[in-house]
Amino acid sequence: MMLRELQVLHADQAVAQLPEALVHAAADGRAFVIHTCQRLVVVSCGRESRDVLSPLLEAATEVHEGPRAYAFLLRLACGLESRLPGETEVLGQLKQCWVAFEASRSLLAQQLRPFMQSLFRDVKDVRSRFLSGLGSASYGSLVRRLLDAPGAPGPVLLIGAGQLAESVAPWLRGSELWIANRSEQRAQQLAGRLRQRNPDRPVRVIESGAEAELAAWRAARDVVVCVPGDAALDVARAQAWRAPRAQRGQLIHLGIDDSGDASDWAGAPAMLNLSALYALLRQHDELRRAQLARAERACTERSLLRALGHSDSEPHGWEDLVGIHSLVS
Ligand SMILES: NC(=O)c1ccc[n+]([C@@H]2O[C@H](COP(=O)([O-])OP(=O)(O)OC[C@H]3O[C@@H](n4cnc5c(N)ncnc54)[C@H](OP(=O)(O)O)[C@@H]3O)[C@@H](O)[C@H]2O)c1
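Residues numbered from 1 in each chain as written. Predicted model: local features only at pLDDT ≥ 70, side-chain atom pairs only at ≥ 80, totals over all residues. Heavy atoms only, no water.

Right, let's talk about the packing of helix α3 (residues 66-77) against helix α5 (residues 107-131) for a bit. The angle between the axes and the distance between the axes are what describe a pair of packed helices. Where α3 meets α5, the axes come as close as 10 Å, and the angle between the chain directions of the two elements is 45°. On the basis of the axis angle, α3 is oblique to α5. In this structure, α3 meets α5 at a crossing whose hand is right-handed. When α3 is examined against α5, the residues Tyr 70, Leu 73, Leu 74 and Ala 77 are found in contact with a partner set consisting of Phe 115, Ser 118, Leu 119, Asp 122 and Val 123. Grouping the constituent residues of the contact of α3 with α5 by class yields 7 nonpolar, 1 polar and 1 charged. (Axes fitted to C-alpha atoms, helices over the stretch in contact; angles between N-to-C directions. Helix = DSSP H or I, 4+ residues; strand = E, 2+ residues; numbered from the N terminus. Parallel < 35°, antiparallel > 145°, perpendicular 65-115°, else oblique. Left-handed = near helix turned anticlockwise from the far one by under 90°. Contact = heavy atoms within 4.5 Å. Nonpolar A, V, L, I, M, F, W, Y, C, P; charged D, E, K, R; others polar.)

Structure follows, in structure tokens:
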């Protein structure tokens, strides 16, 4: 496949439910779908497939083709399209999606393989040259900066045991870590991995059920929430967090932002949600912005090189050069 045939449809917003036809197209290996909590991306190739897929993605805000599509995927994988610029979670999500799609052995999977291999190499290169030492480029490192001083007394309560909780947990530094999750078994598994990593760190799993979780909310110094908002439980959680305690730290809720109904959490002391976190980040220093801008430029340059034949298996064509012209102009 030539780079000019690569296509990316992008919905730059949370899409809760995938259209059924798109689920089928992904299952049949006709579309490579990357679905995260912040966006939906559909990778395909050839005009025909775009004609079939675009009506399925009504929410698509952008369509990229050729070198522009590659540059977009590279920016995405480097975390440069994320609301937390430069974050690394998205690369893990992309890799997971690709491994599952590649296993389908569909024609599209075979066509995309050389591009994905180049992409993962380019991500490594851009990250190591332009994004290393970026600071607070993961939710975990950002959360650590916002919580009280290390060694402060009192446990940190982590709500959730999914992907975000897994990446945040190692960064939490209270005297003790408590984990509460809807599925206690998943919390036990996460606790097991954390104990393996750091045997000296006390990690306790809160038994499942609202009562035990709320008791933990009342006793914790800091709380970090890595689950979506819960209409049934959030009022009780906010009330438990308002209860007086020996040492009150920070409540960081990564599952909600300002776009939803915040009334459940009205008056919750020392609370930051995702929007507040992103706002703090925007105030970050010039150095970080300059680093991100250099990484963005590197993504464009990489896609130009790929279009010029630096793909390991494909030569470039005149159409790619037209794509390059549109990228630089
Ligand atoms: N991943 C990211 O990079 C990222 C970035 C910013 C914000 N977020 C937000 O963080 C939250 C978790 O994301 P994730 O990526 O960790 O997802 P995930 O891997 O799917 O894990 C979801 C977590 O939420 C819990 N959960 C889901 N629905 C629930 C419900 N109705 N009641 C109680 N618990 C429920 C799950 O519990 P079980 O284990 O019992 O299923 C699990 O702990 C989401 O709101 C997401 O929008 C994620």
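Now for the packing of aromatic side chains. Counting across every chain of the model gives 4 aromatic pairs. Consider the rings of Phe 32 and Trp 98, whose centres lie 5.3 Å apart with planes at 70°: the pair is edge-to-face. One end of the pair, Phe 32, is in strand β2 (residues 32-35); the other, Trp 98, is in helix α4 (residues 89-102), and 66 residues separate them in sequence. Its relative accessible area of 1% is what places Phe 32 among the buried residues. (Phe/Tyr/Trp six-rings, centres within 6.5 Å; stacked < 30°, edge-to-face > 60°. Buried < 20%, exposed > 50% of the residue type's maximum accessible area, 1.4 Å probe, protein only.)

With that out of the way, let us pick up the sheet that holds strand β3 (residues 40-45). With antiparallel pairing, 4 strands are arranged side by side in an open sheet as β2-β3-β1-β4. Pairing within the sheet leaves two strands with one partner each, and these edge strands are β2 and β4 (62-65). This sheet shows a mean twist of 15° between the axes of neighbouring strands, independent of strand direction. As paired strands, β2 and β3 are joined by 4 bridges and run antiparallel to one another. When the sheet's bridge partners are listed, His 35 is paired in β3 with Leu 40. (Pairing = 2+ DSSP bridges.)

Another aspect to go through is the environment of Ser 275. Mapping Ser 275 onto the fold places it in helix α11 (residues 274-282). Note: C-alpha distance between Ser 275 and Arg 83 (192 residues apart in sequence) is 9.5 Å.

With that out of the way, let us pick up helix α10 (residues 234-242). Of the positions making up α10, those classed as buried are Asp 234, Arg 237, Ala 238, Ala 240 and Trp 241. Buried positions in α10, seen along its axis, are confined to an arc of 160° and lie on one side of it. On its buried side, α10 packs onto β5 (156-159), α9 (210-219), β8 (222-225) and β9 (251-253). (Arc of directions from axis to C-beta.)

One finds Leu 6, Phe 32, Val 43, Leu 73, Leu 112 and Leu 119 to be the most contacted residues of the largest nonpolar core, which totals 41 residues. Within the residue set of this core, elements represented by two or more residues are β1 (6-11), β2, β3, α3, α4, α5 and α12 (286-310). Among the elements that line this core, the one with the most residues is α5, at 11 residues. Beyond its immediate sequence surroundings of up to four residues, Val 43 is in contact with Leu 6, Gln 7, Val 8, Ala 31, Phe 32, Ile 34, Leu 73, Leu 108 and Leu 112. Of all hydrophobic cores here, the second largest spans 29 residues; its members include Val 168, Val 203, Leu 277 and Tyr 278. (Core = buried A, V, L, I, M, F, W, Y, C linked by side-chain atoms within 4.5 Å.)

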